Structure formats: C-alpha cells, structure tokens
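Fold and geometry: a report
Chain by chain, the residues run as shown.
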Amino acid sequence: MSTATAPSAAPTGRKPATMAQALGRALRDAMAADPAVHVFGEDVGTLGGVFRITDGLAKEFGADRVTDTPLAEAGILGTAVGMAMYGLRPVVEMQFDAFAYPALEQLISHVARMRNRTRGALPLPITIRVPYGGGIGGVEHHSDSSEAYYLHTPGLHVVTPATVADAYGLLRASIASDDPVVFLEPKRLYWSKAEWSADAPQQVPPLGRAAVRRTGRSATLITYGPSLPVCLEAAELAVEEGWDLEVVDLRSLVPFDDETVCASVRRTGRAVVVHESSGFGGAGAEIAARVTERCFHHLEAPVLRVAGFDIPYPPPMLERHHLPGADRVLDAVARLQWEGN
Amino acid sequence: MSTATAPSAAPTGRKPATMAQALGRALRDAMAADPAVHVFGEDVGTLGGVFRITDGLAKEFGADRVTDTPLAEAGILGTAVGMAMYGLRPVVEMQFDAFAYPALEQLISHVARMRNRTRGALPLPITIRVPYGGGIGGVEHHSDSSEAYYLHTPGLHVVTPATVADAYGLLRASIASDDPVVFLEPKRLYWSKAEWSADAPQQVPPLGRAAVRRTGRSATLITYGPSLPVCLEAAELAVEEGWDLEVVDLRSLVPFDDETVCASVRRTGRAVVVHESSGFGGAGAEIAARVTERCFHHLEAPVLRVAGFDIPYPPPMLERHHLPGADRVLDAVARLQWEGN
Amino acid sequence: MTVLEQPGTADHRNTPPPDWHPRTDPAPLLPEREPYRVLGTPAAAGLDPALLRRLHAELVRGRRYNRQATALTQQGRLAVYPSSTGQEACQVAAALALRPQDWLFPSYRDTLAVVARGVEPVEALTLLRGDWHSGYDPRTHRVAPLCTPLATQLPHAVGLAHAARLKGDDTVVLALVGDGGTSEGDFHEALNFAAVWQAPVVFLVQNNGFAISVPLEKQTAAPSLAHKAVGYGMPGRLVDGNDAPAVHEVLVEALERARNGGGPTLIEAVTYRIEAHTNADDATRYRDQAEVEQWRAHDPIALLERELRDRALIDDEGIREAEAAAEAMAATLRDRMNTDPVLDPMELFEHVYAEQTTQLREQAAQLRAELDAEAEFHAEEGEGR
Amino acid sequence: MTVLEQPGTADHRNTPPPDWHPRTDPAPLLPEREPYRVLGTPAAAGLDPALLRRLHAELVRGRRYNRQATALTQQGRLAVYPSSTGQEACQVAAALALRPQDWLFPSYRDTLAVVARGVEPVEALTLLRGDWHSGYDPRTHRVAPLCTPLATQLPHAVGLAHAARLKGDDTVVLALVGDGGTSEGDFHEALNFAAVWQAPVVFLVQNNGFAISVPLEKQTAAPSLAHKAVGYGMPGRLVDGNDAPAVHEVLVEALERARNGGGPTLIEAVTYRIEAHTNADDATRYRDQAEVEQWRAHDPIALLERELRDRALIDDEGIREAEAAAEAMAATLRDRMNTDPVLDPMELFEHVYAEQTTQLREQAAQLRAELDAEAEFHAEEGEGR
Ligand SMILES: Cc1ncc(C[n+]2csc(CCOP(=O)(O)OP(=O)(O)O)c2C)c(N)n1
Ligand SMILES: Cc1ncc(C[n+]2csc(CCOP(=O)(O)OP(=O)(O)O)c2C)c(N)n1
Ligand SMILES: [Mg+2]
Ligand SMILES: [Mg+2]
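Residues numbered from 1 in each chain as written. Chains lettered and ligands numbered in written order. Predicted model: local features only at pLDDT ≥ 70, side-chain atom pairs only at ≥ 80, totals over all residues. Heavy atoms only, no water.

1. What to know about the coordination of the magnesium ion (ligand 3)
Residue and element names in this part refer to chain C. What counts, and what does not: The donor set covers N, O and S atoms within 2.8 Å of the metal, switching to 3.2 Å for Na, K and Ca, and it leaves out water, so a site may look short of donors. In this description a helix means any DSSP run of H or I spanning at least four residues, a strand means any run of E spanning at least two, and both kinds are numbered starting from the N terminus. Only protein chains enter the accessibility calculation, which uses a 1.4 Å probe; a residue whose area is less than 20% of its type maximum is buried, one above 50% is exposed, and one in between is partly exposed.
On the protein side, the magnesium ion (ligand 3) has Asp179 (OD), Asn208 (OD1) and Phe210 (O) as donor atoms, found 2.0 to 2.1 Å from it. Read from N- to C-terminus, the donor residues coordinating the magnesium ion (ligand 3) fall into the pattern D-x28-N-x1-F. With Asp179 in the loop between β2 (173–178) and α7 (185–197) and Asn208 in the loop between β3 (201–207) and β4 (210–211), the pair connects residues that are 29 residues apart, well separated along the chain. Here Asp179 and Asn208 have matching classes, each one buried.

Right, dumping it as structure tokens:
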C-alpha cells in the first residue's frame, strides 16, 4: 500500500469545516502528494461537481488530471480500470448513488476481480466516490443507499465516513489503498460542521477500523455514515430513559471490524444496528448475523435492526417516515428485553 | 393476478423429466395459455437458448413471440419494460448470471419501481430468467450467485426452484404474477431428474411459500435452489451422527415465508442457513438475522451460515473448495452447541 | 493436404467475402450538413396558419410555465426546476406532432412537452414538488413518467413501439433525450433495437449545448449527433430546434414514416438552454453570458412571431390573447401549487407489489402504530394547551 | 415587453443557430463501400515478402492451434474452446501490427492474437482449462486478460491508451471485439470516450457473421459496422478480414495515426466463423453448411498462400517448414496440457485484496483445517490399506 503523506505545510488553526470541505481537501492533498492521482467524472472539472467537492481542483491541477467526462458511468469506471492498469490512481465521482448503477457491471465483473483474475499482477487502485443516502429532499433516484450491493461483492473495500475528520482521513486512506474502494459519502452530512484544521498534519486512519463514538454500558448501537448523528441523538435521549448507550461507527463495511464491534456487544449484551437503506438483505442483516454468531452467549436479546422500509425510496414529502430517526432507534432499544434486568 | 391455466390436454403419464424440460414446458404452456406472453433474449429463438430451455418455442409460436435480440442485456430488459407497459407479459432470458449485470440499472431503477412510481398505473409483469450458480465447471463469469443483489431491491420478487416440479410450477406462477420476478434457475440442477408428468394438470403454487423437504427434530437446514440437494445429502449423512435434520426449501426469497421457517426453527431450536453465494451480505445474513429476531428464545445456539467464501468465484478446478458441500454443512451442525443436550 | 488444396481458384482472391452486400445505402441516412430551417425561407409561405398559431400559443404558454415554475422554486413551493426556456420549440412541436394514440417518452427536462400533450400543468410538477414520483397516470395521455436516469427511457420507448406494432396498432412513439444522454449505453442499445426491429419510434435529441456544465465538444467528437443514425441504419435528421415549424415538420415526417412501417429516425434539434441547468445551478461557472445573448437573438418565440406578423397571421391583439391564456394557466398552476398536497404516509406500502408481502404488512403496521402514537401525542399536547 | 422586443432582426430567422458549425467533415470518416482488399489486386505486388511470409507462418500456426485446442476438448483436457478457424488473418494481423510497447485487449475468442503477440500457447488456455482465470502476466507482453463479458474490455483499452498519452508514452492500444459485442452499451461508451479524448486506440471488430446463433442481420441494420465510426467522429474502415496483408495494412495505418495524435479508428474486418461457436455448440441448428463452404473458398490461408506461390515467395518446402513449426508448437501445447497443473486451494484467498482482511483470514483458516483433515483422513486410509 502506498503511504499517504501529510498535506503540504500551511498556516494551521482549527476552525469549523464542513465535510464537503474536508473531502475536497483530501482530494487536493492526495493529488499534490501523488501525481498518479487523477480525478474524473461528470461535471467534476469546470463546475467542481454538483456538490462542489472537486471545486478548485481543475484550476490547480489542470484538465489532464481533473477531467469532465462524457455522460456515461460505465464508461467512466471502465476507463478508470484501464488507467489503473497503466499505473494511475483514478478517483472517479458518480454524481449520485442511483447513477452509479450503470457502472455495476464494470464494478462487479472487473473492478472487484482484476487483481484476483491476474494473480496480483493487475491491482486496481481506484477510488469510486458515491454521494449516497437520503434526507435531502431529493427527487427520485437521488437518495438511494446502495451499500448492500457493494459490500456483497468480494474484492471491493466499502468505506463511509460520518465525521468531518474521517471524511478527510478515510478518503486519503482510500486513495492510498492499492485496492478498489467504494467510498460512500453521506450527502446529508456534506454540510455538517466540526472544528477541524485543514492545515495540521492529518491522521490517516487505517481502513477497516471502527470507532466507538460514545461509550455506554446498556446496549450498543452499531451504525455508519448518515445514521451516526441519529444514533448519537438517540443515545442522548436515552439517558432520560435510564439507558447508557454505546455507539459504534463502523467507518468501513469491508473489511469489517469484528473486534471492536464484538468487544462492545460482549460488554453491553445488547445491540441494535441502524442504517437507512432497506432492511431486507441490507448491511444490518450481515452485522446482526455475524454479531449473533460471535457473541451469542453474551446476548440478552436478539440483535435488532432499525432500517429503511423495504420500499423504493419515498418522495421527499414522505421520506421522514422512511428514514430511521432517534425515536425509532429508541423503540428498538426498548424492545431489547429489559424485563429481567 | 392473471390466473395460470392448466396446460393443454395431452397423453398423461409420469416419467423422468429434467428440470430443463420442466422449465421449457412451463414456458410453452404459459405461451399457449396467454397470447400476451413473449419470450426474448440472446439465442432463445432459432437455437433454443444455450441451455436449450426455449427449444421448440420459436417453431411453435413464431419469431414475433420468441425473438432473438441483439446482444445487449440492458436493451433486452429495457425494451421488456416498454412491452410490459403496453400490456404484454415479457419473459426474458439472461444468458448467464454475470451477464445480467449490464441490466442492473434497468432492473433497480425501473423494473422494481415502475408500479410504485406510477401509483399502480403501470405494473410490470416481467419474468427475468437467470441461470445462476456454479458447480458446472464454468469459466469465469459463468458461475455467479447474484441473488443478494436482487433480494435487496424492493419491488422485485425473487424466486428459485430446486425441484423439477417446482421448476414448472414456480415459473408458471412467476409469469402469471403481475409483478416483476427474478427467476433464478440453478444451472447445475438443469439436468437433475424426477418422476414428473408434463401432461397432468400441473399445480401452480403461490409465490412466497417455502416447502419442508424433510422433517426432522434436531435442527433446521434453511436453503434454496442449488443447495437443496446438498442439504438433503447432509441430512442423510447426519442420521449416522444421531441428528435428525429438517430441511426447508425457501423457493421464494422475496416474499419470504417467515411462517414456515420460524415454525420449523421454533420446533428444532437450531438452524443452519446454506447457500453457495458469498456469505458476507448474502441471503443467509438476512435469513439468520430475521430468524434470530423472531425465534431468539427458542434458539439453543446461534443460527449459523454455510456459504461460499468471500472471494470472486473460483476457477473450475478449485470450485469444489468454495462450494458448500455436505461435510461443511455437517461441520456447522456440529457447532450448534449440543453439549447441553 | 496443404491448405491450398481447398476449394477455390485464384480468382477468389479478388472477390469480396462471399456474402458481402451493403445492406443499406448509407447516403440517404446521413443528415443535412446544416440544421434544417423553414422560418425565413421561401418554404415558410406554405405553412399552415392554424398550425403556426397553435405552435405560437403553446410556445408562449411554455415559456410562461418555465417562468412560473422557476418562481415557485424561489418561493419554496418547488424543490428544484430544470427550465427549458429557449427549448420551447422542440418540446411543443414534439407534443403537437403526435396523435392521440401515440406515446411520448419524456426526459426530466421535458415538462413542456408533457403539458402540451395534455397533462395537467400541476401534475407535471409532482415529481419536483416531492409528493410522489410521478404526478399523472401515464395511460391517460399516453405520456410515460418524466424520466430522471438519463437515456434509460429510450429502450422503454422502443419496447412499447415494438409491442404496439406486434399488436397491429396504429401507435407510434416519440422519445426525447438530451445531448448528454446520447453518451449513455442505453441510448446505443435502444437505437440499435429500434432499427433491427424496425420499431415505430422516433428519437428526438434536444442538443441544448450542455449537460449541466459539460459542453457538447466534451460530450462528442461527431460531426453532429444526427450522424449517429447511420451507425444503426436509420435516417438522421438535423433541424434548427428553435424553428418550431421546422421541428414540427421533421417530426411529422419521421412519425409518418414510422407509422407506415418505415422504421425509426434519429433527429437532432440544435437549440440552447438559456437558463442554468436548474435553479440550483450557477451557469456563470462554465459559460459566458455573451453566448447566451447570441442565442437570445435566435429566440424560438421571436422567430415564429415575426413570421406570423409578416404574414399578418397575428396582430398585437392575438399576441395579447396568447399571453393572457398563458397567464391564466400560470395563475391556476400557482394556486394549485400553493395548496399543500394531502398525503397519506401509509401509501408508501401500497404500490410496491400487487399484493402486499407479509414483510410489508408488518412494516406498514409499524408505521401505522408510530403515526397513531404521534397523533395521540399531539392530541394530548393539544388538550394540555 | 412582448417577446418580439428581444434583440435580433428578421434576418436571424434565416441564419443557422448561433454557434453552428459542423465540427468534423463526415465524408472522410465514412468507410469504403466494399471491404478493402490487397491480395489479388495490383497493390499486392508492393507487399513486403518478409511480412507475407511472417503472416503466413502465423496463420498456419494459428490454424493448428485451433485444431489442437479443439482436440483437447474432445480429450477432456479443456472444458471448452471457441475456435477462430477462418478468422486467423484478423487475429494474426492484429498481433503483428503492434510494436512491443503497445497493448492488446483481446476478447474471449482471440487466443490466436494473444499467442501471436508472444504469450505462451499453453498460458492462453489457462482460463479455459480452469486452473485460473487468466494464465499470463498481462504486463509481460502487454496483453490484457482474455475478456469474457462482451465489450467490457473496450473502455479499459481506452483508459489505458489515455493514460499512456497523458504520460507521454509512445504506446498505442488495439482492442478486439466481435460483431455481437458492438450491440453492448460498453462499445458505445468506449468509442465515444476514445473520440472525445482522442485516445491512441484502434478498435477492430471481427465481424464473423454470428453471435453464437444470431446472424448479423438480427444484430444490426447498419450499412456496415464500420459506419458506426462517423457517429463518434472517428474514421471507419472496412476490410476483408480474410485478406491478411489488407488487415495488417489497415491496422498499421490506423495505429500509426493513433500514435501520431490522430485519434482512434474503428475497423470492421469481414470474416467468418468456420466452426461452431464453441465445441459445445451445434451450428447446424442455425446455419446452412452451404454458407460455410462458400467461406471455405475464401480461406485466409489459401488466399495468402496463392499470393506467395504466384510471386514465388514460398515453395512446397517453405509450406512444409511452416507446417512443421506449427506441428512443433502443437506438440508442446499438447504435452503441457496433458500435465495436470499443480494448484493450491489456499491461493483462492491470496489475490482478493493486497492484504487479507480478517474475514478472509478466518475463512482461509477454515479451508486449511478442512484440507488438513482431508489429508489426515487419506493418510489414515492409506495406512489402513
Ligand atoms: C444516468 C444518469 N447519470 C447522471 C445523471 C445526473 N444528471 C442529471 S441531468 C444531467 C445532464 C443532462 O444533460 P443532457 O442529456 O444534455 O440534458 P439537458 O440537461 O441538457 O436537458 C446529469 C448528468 C442522471 N440524471 N442520470
Ligand atoms: C455481456 C455478455 N453477454 C453475453 C455473453 C454470452 N456470450 C458469449 S459469446 C457470445 C456471442 C458473441 O458474439 P460476437 O461478439 O459476435 O463474438 P464471436 O463469438 O462471434 O467471436 C455471447 C452472447 C457474454 N459473454 N457477455
Ligand atoms: Mg443538454
Ligand atoms: Mg461474431
């Protein structure tokens, strides 16, 4: 794995930054650190992307390294494969979750398999940035949570940040990875803010490590990406009910950090998995199943899931009924069979 | 739902038939019963399909109803959408599992959503036949098990037969359904045989009902499609070890028959889910998670999963190491914490 | 035996491969070198006055619709709106060239075509207001839902046309797509199926110069988008998309050919997106205002209005009438959009399948319980106050 | 203000849309009307004798390879083989037109091109024998893995060509695809990217008349597949795919243009698949033997051999030498294929990621334990005997 280097020195100082800014900075620093990094996709050049994540990159690095492509997602990912075969390190943007679907064949049949197919001769260090999830009032096809398709595809890493600092660190780590990474950006957190310095040397966390965002003793909420704030909110509200909830942010769905997750669940004895994609066959199914396999005798109650309903993503005016909120998380916590306690 | 009628009268008599023959007969009878049924795809006409499932149909029903298409899977499924909008009942064939991937965008963004998008005005009664799974010594891309992608997509039915009779009955039911059905044909069972009469009036089972293929008291094996014979074999071998295994064949992954599955698990108190697709985020994750949620206090041990490894499907010479066999199933059964008993 | 002993003589070297015969003459498939125009040419004299007036009224209405919808975004009644100002001629001509039995497959920017085809103005905005994914019953006016994933509606159009033909119906299909959409694989597959099946379908590309920020020269290197037609074996036509009667004529001709078994046509209408991609876009980031002004001088309404005036087919009064009708439409639209739609969250579970699965029934029950609890809570709150 | 008061005069009606200018002259992009040929024409006299002999030797070797591989399927040493008998000229010319620094992107039927480029004959069969998904290191000879999902390799080829150009390298790329593969969306997207980026890549379509059972006329209605080129703004060329020096010449010209910054080319080589789709296919289901015989009379080896003999560039002895070399290759191939490959099941976990995940480590341990138990069991069995 090539090492992610610290960004160029510049005046330091922590101030509020958005996740969008942190992502943009990660791209900039990665491009500055490694001339093999190329950014391309629909509208990422002149416009800076529809979410402006790539704003300024074309100006700084030129059109050869930051390129507006024709409008064809399979073509974008397919050409990225060829570029990676030639030693480049492409970072492509899919404009929205649902617009990554045309590229699924390239993803499943080639991106995920080229290293294995060629016995390691052709690794594909491609980062595929996908703004995902709902809660932004998007019209149809602009709010999908597609992580379950990716995490079931061996050969891919699946990473999703939930904090401003992680947005930077995980994106740097993803670009530095010699394997393809589907990097899922929770679009409703793009404008979330945190005290964060773009200029201090940044920590680039290893991929595949979860983070305990809140420690607690009563039960564990296991979550990632856009649902982390929901879980933290639920944990705060739970205090009133007498529950002290631990919150684990997975950060990486593949590889999966069994160690951190199971350590927490063994300690608390109860767990709820929370995500906004449809529940049936979603990430929560895997998490619940593996936690149960590994921690069965520590469990006071079945691992429950709070997820989006098994329906197509709703229209904006109804999405709040679909998205798991703190109340629904607390309802699940309440069902964790506290009677005995 | 339009009613599937019995096939045309003809001399009856049960004799050994293959699953491939039963599937072909189901297509024929569906076409004879309903002029809206059209079959199309790559090589399905003149050749009768690479597995010969559609053999004879072009001759009987003509090129307008059994059509060789250009080589483009998204085009095949996309045109099926338009045909269904106009009142036809398309049955399309994807030549192999991995060659259905180019059609995933049409499947996820349109086939699964058109009814919902239009508040029921445009139902899409499309059956998508996909030969799937390994065990046939196929070269790369010819042995994928892709059911997890489908079952996580709300709006689709996902059906897979494991017996000759079900191949007929479930395919008739799928074609008769007013909803889109992904009909997964376990290709290594195509040449499996059973006493079955193509001429007796056939039972068309409702979609969404599992079948108990073997009753037992010790533990439940939950499986579907190509893994049913493996589980039945394991159950026979288990007798020697003193285990009396129940085997549930799901037949339909969506809708899911919670009732049958949970009734069995509540009775036996132990369960193993068996399938050949990769385990991580596979169907087994959902099954294990939901069985645990619903039957927690009846469980003597965690629901275990026996699945393919989380690797790209192996080359033919190594596939036997990947595919769950009866031994691996029995190893899992042995881990079901029998100590207390 | 050496390979030479195989059948055949020296002559065969200088003969084409055995079954070689070009199956279609490419020449008639190639589009004109310059966009076809009628307005301002001698041919304009032959245009049907009623058609010109009809087109004019619809153009004026369309522009007003765009202005109203954009205003609604500013007032927060609409989340987002992709204006088609400058492209009215394409959209209106598209709708008017169709007969009742025909189908229209619009792309997400084609609200004007949808409305000109008869869909209620407010219903064309349902998707963007956010009460549901589609606001009209597609069967009523034979208009498919406004399609968001680019080019994905094109194979649907082909399939429907093919089905109609198989049934022996006198139905043809018009499918709309943008210049950017032509780069998608679905565009290619749809056109190929259409040509192979000789399906009664016409593809109209509104080349408005941009796909969001990406200009045409980054989208294609082709002489024109219409030149793609020859690669499928169908005729390509190039038309000035701001010349409403020209677009209408080219469409009618292609639709008639399709209706008569002559197969599909690809039409490129050269036009311009005068406003930003949507109200949320900032077009100054990627294009000069000077370019926009150039195109304003080639305005589809102005072009048509001058023709009507030159031929004394309209006077100030007539213009005022058209504008008043547009104003009335806008007022109704405004009113309807200012009324909050009544939505039932339980409908989320109603149209997923023909019959609810047990899974959905359970989930619906969960939401029902939540809603009831919420209502109870609010009722108590109300009492408490 | 009525719309008429906008800037512009009556003249603008009769002017093209503001920024209209056809960006490429379509005429030079159109292919010839009949497949280009050299053999049997006066131009043949100018052909380099060394090249002709080289082509001949490779054609003979290629045909022998096809025969050997098919025989191996009958002997059960190979699961399946898609023979390219009849198409040798395309494949061999493709390989010989490339320089060492260039890359080849083959489709699944292109084993001959792969072998002619220098890959070990046995390694080109690894995929089909089933010991691994690809049998050679793509970097050694700059040959991508034989690609099974049709047309998916084309965007890879474009991306690699683009990357090479960005790096300033003198590398061009040749991508192969079948007539059926041209219907896939990936074909379209790849050609469009190539043209927009002016990437140094050449696309060679081997139009062998069939996609499994589907004949060309069900695949496309185009005048020729080469006519698709104009729709992307690149030159299209049509060549007799059984005329090896003609294919070679057209390829070299296109590759040179690409190398010199002239962008991509689409070449259709008209040829024929003499054998069934694979050994598992039954071609009599969908085509007449008479058609096959017609094409046998246009055999690529026979065509070239006659030229060589006419010009006294080869004699019986030369033919025998070529055949002996082919025979030696076949013998080695047979021997190597008759040796069972040594495989380690644990390798299944080795190349999925750069570093094994904890999940894979656990699974590898499970398989390791199973294998050990199996070995122990067999050892005990062995002792017991
Ligand atoms: C498959 C897909 N990819 C990306 C998008 C996001 N997107 C919406 S509009 C647009 C540009 C469309 O350009 P064009 O086809 O020229 O139509 P226009 O907007 O000019 O009407 C893009 C990229 C989409 N809707 N669908
Ligand atoms: C995406 C995809 N769809 C379907 C197939 C199955 N398949 C293998 S070969 C073939 C026909 C290919 O025809 P053509 O492109 O003309 O190549 P040829 O076999 O004639 O060399 C098909 C349909 C595939 N390999 N990939
Ligand atoms: Mg556009
Ligand atoms: Mg072919």
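2. Focus on the site of ligand 2
Counted only if it meets this: We call a residue near a molecule or strand as soon as one heavy atom of that residue lies within 4 Å of the molecule or strand. Between N or O atoms, a polar contact is any pair within 3.5 Å; within protein, one atom must be a potential hydrogen donor and the other a potential acceptor, and residues adjacent in sequence are included only when both atoms are from side chains. Per-residue and other accessible areas were derived by the Shrake-Rupley procedure at a 1.4 Å probe size, with only the shown protein chains allowed to occlude residues.
In the region of ligand 2, 20 residues are neighbours, and Glu73(B), Tyr108(D), Arg109(D), Asp179(D) and Asn208(D) sit closest. Neighbouring residues of ligand 2 are not confined to one chain but are distributed across chains B and D. Within the contact set of ligand 2, an oxygen atom lies 2.8 Å away from a backbone nitrogen or oxygen of Gly180(D). In the environment of ligand 2, an oxygen atom lies 2.7 Å from a nitrogen or oxygen atom belonging to the side chain of Asn208(D). Across the complex, the protein chains shield 96% of the 580 Å² of accessible surface that ligand 2 would expose by itself.

3. What about the site of ligand 1?
Put simply, the rule is: Note on residue classes: Ala, Val, Leu, Ile, Met, Phe, Trp, Tyr, Cys and Pro are nonpolar, Asp, Glu, Lys and Arg are charged, and everything else, Gly too, is polar.
Close contacts around ligand 1 come from 20 residues, with Glu73(A), Tyr108(C), Arg109(C), Asp179(C) and Asn208(C) the closest. Flanking ligand 1 are residues from chains A and C. Thr148(C) places a polar main-chain atom, nitrogen or oxygen, 2.9 Å from a nitrogen atom of ligand 1. Leu150(C) places a polar main-chain atom, nitrogen or oxygen, 3.1 Å from a nitrogen atom of ligand 1. A breakdown of the residues in the shell around ligand 1 according to their chemical character gives 8 nonpolar, 7 polar and 5 charged.

4. A word on the nonpolar core
Put simply, the rule is: Residues enter a nonpolar core if they are buried and are Ala, Val, Leu, Ile, Met, Phe, Trp, Tyr or Cys, with the set joined through side-chain atoms within 4.5 Å. Contact between two residues is taken to exist if any of their heavy atoms lie within 4.5 Å; hydrogens are not considered.
Ranked by internal contacts, the top residues of the largest apolar core, which has 280 residues, are Met85(A), Ile128(A), Met85(B), Ile128(B), Leu250(B), Phe203(C) and Phe203(D). Beyond its immediate sequence surroundings of up to four residues, Phe203(C) is in contact with Leu154(C), Val158(C), Ala175(C), Ala190(C), Leu191(C), Ala194(C), Met234(C), Pro264(C), Thr265(C), Leu266(C) and Ile267(C).

5. A look at the interface of chain C and chain D
Frequently, the measure chosen for interface size is the accessible area removed from exposure when the parts meet. To be explicit about the condition: Basic side-chain nitrogens of Lys or Arg form a salt bridge, by our definition, when they fall within 4 Å of a carboxyl oxygen of Asp or Glu.
Between chain C and chain D, the contact holds 76 residues from the first and 76 residues from the second. Where chain C touches chain D, the interface holds 2 salt bridges. Among the salt bridges present, the one from Asp25(C) reaches Arg33(D), with a minimum N-O distance of 3.6 Å. Of all the secondary structure elements, the ones that give two or more residues to the side of chain C that touches chain D are α7, α8 (216–219), β6 (236–240), α10 (289–296), α11 (300–310) and α12 (316–338) of chain C. When residues of the side of chain C that touches chain D are assigned to their parent elements, the largest contribution, 8 residues, is made by α11(C). Broken down by class, the residue content of the side of chain C that touches chain D amounts to 31 nonpolar, 23 polar and 22 charged.

6. Quick look at the UniProt feature "domain: Transketolase-like pyrimidine-binding" (unreviewed entry) in chain A
Condition: UniProt positions are given in the numbering used here, feature names are shortened, and annotations may be inferred rather than shown by experiment.
UniProt's entry tags residues 17–192 of chain A with the feature "domain: Transketolase-like pyrimidine-binding" (unreviewed entry), counted in the numbering of this structure. The span residues 17–192 of chain A is 36% helical and 17% strand by assignment, and the distance between its end C-alpha atoms comes to 8 Å.

7. Side note on helix α8 (residues 228–241) of chain A
Residue and element names in this part refer to chain A. We count it as follows: Here the expected span of a helix is defined as 1.5 Å times the quantity of residues minus one. The arc in question is formed by the directions pointing from the helix axis toward the C-beta atoms.
The end-to-end C-alpha separation of α8 is 20 Å, in line with the 20 Å expected for 14 residues at 1.5 Å each. Looking only at α8, the buried set comprises Leu228, Val230, Cys231, Ala234, Ala235 and Ala238. Down the axis, α8 shows its buried residues gathered within 145° of arc, on one side only. Looking at α8, the residues exposed on the side facing more than 90 degrees away from the buried face are Glu236 and Glu240. In this fold, the buried residues of α8 make contact with β9 (211–214), β10 (219–223), β11 (245–249), β13 (271–278) and α12 (326–334).

8. With respect to helix α6 (residues 153–166) of chain C
Residues and elements named next belong to chain C. Helix length check: α6, at 14 residues, gives a terminal C-alpha distance of 20 Å against a target of 20 Å (1.5 Å per residue), a fit within 8%. The element α6 is extensively covered by neighbouring structure, given that 12 of its 14 residues are classed as buried. Of the positions making up α6, those classed as buried are Gln153, Leu154, Pro155, His156, Ala157, Val158, Gly159, Leu160, Ala161, His162, Ala163 and Ala164. Gly168 sits one or two positions beyond α6 and adopts a positive phi of about 80°.

9. Here's the deal with the pairing of strand β5 (residues 127–132) of chain B
Residue and element names in this part refer to chain B. The condition is simple: In this description, strands pair whenever DSSP reports at least two bridges between them.
A large share of β5 lies buried, amounting to 6 of its 6 residues. Neither face of β5 is open: one carries Thr127, Arg129 and Pro131, the other Ile128, Val130 and Tyr132, and all of them are buried. Where strand β4 (residues 89–93) meets β5, 3 bridges bridge the pair, whose relative direction is parallel. By the bridge assignment, Val92 is partnered in β5 with Ile128. The sheet contact formed by β5 and strand β7 (residues 181–186) spans 6 bridges and is parallel. For Arg129, the partnering residue across the bridge sits in β7 and is Phe183.

10. Points about the sheet that holds β4(B)
Residue and element names in this part refer to chain B. Under the convention used in this document: All axes here are fitted lines through C-alpha atoms, helices being fitted over the stretch that makes contact, and every angle between N-to-C directions spans 0 to 180 degrees.
Taken together, the 7 strands give an open sheet; going across it, the order is β3-β2-β4-β5-β7-β6-β12, and neighbouring strands pair in mixed fashion. Every interior strand has two partners, whereas the edge strands, β3 (66–68) and β12 (252–254), have only one. Strand-to-strand twist of the sheet, defined as the mean angle between neighbouring strand axes without regard to direction, takes the value 20°. Note that strand β2 (residues 37–41) and β3 share 3 bridges and pair parallel. Within the sheet, the bridge partner assigned to Phe40 lies in β3 and is Thr67. Helix-sheet contacts for helix α7 (residues 164–176) involve β2, β4, β5, β6 (157–159) and β7, and the interaxial angle to β7 is about 160°.

11. Section: the UniProt feature "coiled-coil region" (unreviewed entry) in chain C
Mapped onto this structure's residue numbering, the UniProt feature "coiled-coil region" (unreviewed entry) falls at residues 354–381 of chain C. Along residues 354–381 of chain C, the helical share is 86% and the strand share 0%, with 39 Å between the first and last C-alpha atoms.

12. Description of a negative patch on the surface
What counts here: Like-charged residues are merged into a patch within 9 Å and nonpolar side chains (Val, Leu, Ile, Met, Phe, Trp, Tyr) within 5 Å, provided each residue has over 30% relative accessible area and no salt bridge. When charges are tallied, Lys and Arg are placed among the positive residues and Asp and Glu among the negative ones, while His and the ends of the chain are skipped. For this purpose, a charge sits on NZ of Lys, CZ of Arg, CG of Asp or CD of Glu.
A cluster of acidic residues, Glu233(A), Asp327(A), Asp331(A) and Glu374(C), forms a negative patch on the protein surface. Of note, Asp331(A) is situated in helix α12.

13. Observations regarding the relation of the copies chain A and chain B
In plain terms, the rule: Copy-to-copy superposition: least squares on the C-alpha atoms, limited to residues that have pLDDT of at least 70 in both copies.
Superposing chain A onto chain B takes a rotation of 180° combined with a translation of 0.0 Å along the rotation axis, leaving an RMSD of 0.0 Å. The operation mapping one copy onto its partner corresponds to a two-fold rotation axis.

14. Quick word on the domain arrangement of chain A
Residue and element names in this part refer to chain A. Convention followed: Where each domain starts and ends comes from a domain assignment, either automatic or drawn from a database. As used here, buried area is the combined drop in accessible area, with a 1.4 Å probe, of two parts when they are placed together.
The domain boundaries assigned to chain A delineate domain 1 (3–203) and domain 2 (211–334). Between the C-alpha centres of domain 1 and domain 2 there is a distance of 26 Å. In this complex, domain 1 contributes 27 residues to the contact, which on the side of domain 2 involves 22 residues. Each partner contributes to the roughly 1900 Å² buried at the junction of domain 1 and domain 2, and carbon and sulfur atoms together form 59% of this total. On the surface where domain 1 and domain 2 come into contact, there are 3 salt bridges. Between Arg251 and Asp166 there is a salt bridge, and its shortest N-O distance comes to 2.9 Å. If you look at where domain 1 meets domain 2, you find 12 residue pairs in polar contact (both at pLDDT 80 or more). Those elements that provide at least two residues to the side of domain 1 that touches domain 2 are α6 (147–151), β6 (157–159) and α7 (164–176). Looking at the side of domain 1 that touches domain 2 residue by residue, the class counts come to 13 nonpolar, 10 polar and 4 charged.

15. Focus on the relation of the copies chain C and chain D
The transformation that overlays chain C on chain D combines an axial shift of 0.0 Å with a rotation of 180°, and the residual RMSD is 0.0 Å. Interface overlap between copies is the fraction of interface residues in one copy that are interface residues in the other; for chain C against chain D it reaches 100%, indicating a shared surface.

16. A few points about the side chain of Thr260(A)
Residue and element names in this part refer to chain A. Relative to the helices and strands, Thr260 is located in helix α9 (residues 258–268). The exposure class of Thr260 is buried, given its relative accessible area of 16%. Contacts of Thr260, omitting those with residues within four sequence positions, involve Arg209, Ala210 and Val212.

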